[in-house]
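Listed below are the residues making up each chain.
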Amino acid sequence: MPQIIFLPHPELCPDGAALEAPVGETVLDVALINGISIPHACEKWCACTTCHLVIREGFDSLDESDELEDDMLDKAWGLEMESCLGCQAKVADTDLVVEIPKYTLNLASEEH
């Protein structure tokens, strides 16, 4: 079974984590099942950027993003070539190294 290695994040995963990941499961769901509370304001409908992740290793094993995910990613803070939405990135047969960005745009919780 492939692993997802989450790099340390000061609030969500201070020590980092190495988690077994079933093929076909989303990176976001693997994180949530294992207690890493990555924000997901749209409840995994690919309608926001709160679950934006950067795949540091294994990006090429993920399915190519579709137009809807690309449109959402265009709004993400700190977008990189290896960015994806955790709710859309499905684990294949390759280990992944994942960075959770320090900031996210969560319009559902921003004060007005």
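Numbering of residues starts from 1 in each chain and follows the order in which that chain's sequence is written. Thresholds applied to this predicted model are a pLDDT of at least 70 for local features of residues and 80 or more for the giving and counting of side-chain atom pairs; totals over whole chains, interfaces and linings are not thresholded and use all residues. Neither water nor hydrogens contribute to the side-chain values; these are computed over all heavy atoms in the structure.

### Let's talk about the sheet that holds strand S3 (residues 52–57)
Next up, step 1: Taken in spatial order, the five strands make up an open sheet running S2-S1-S5-S3-S4, and their pairing is mixed. Two strands close off the open sheet at either side, each with one partner strand: strand S2 (17–20) and strand S4 (83–85). Strand-to-strand twist in this sheet, taken as the mean axis angle between neighbours without regard to direction, amounts to 35°.
Next up, step 2: Relative to S2, strand S1 (residues 3–6) is paired through four bridges, and the arrangement is antiparallel. Looking at the pairing, Ile5 lines up with Ala18 of S2. Two strands make a pair as long as DSSP finds a minimum of two bridges between them. Runs of H or I in DSSP of at least four residues are treated as helices and runs of E of at least two as strands, each being numbered from the N terminus. Lines fitted to the C-alpha atoms define the axes, with helices restricted to the stretch that makes contact. Angles between their N-to-C directions range from 0 to 180 degrees.

### Description of unusual backbone geometry
Trans peptide bonds make up the majority, and among non-glycine residues the majority have a negative phi.
Next up, step 1: Phi at Lys44 takes a positive value of approximately 75°, unusual for a residue other than glycine.
Next up, step 2: For each residue, the accessible area found with a 1.4 Å probe, counting protein chains only, is set against the maximum for its type, and the residue is called buried under 20%, exposed over 50%, and partly exposed in between. Classification of Lys44 by relative accessible area gives partly exposed; the value is 34%.

### A closer look at the pairing of S1
Next up, step 1: On S1, burial follows the alternation: Ile4 and Phe6 on one face are buried, whereas Gln3 and Ile5 on the facing-out side are not.
Next up, step 2: Two elements, S1 and strand S5 (residues 96–99), share three bridges in a ladder whose sense is parallel. Bridge pairing links Ile4 to Leu96 in S5.

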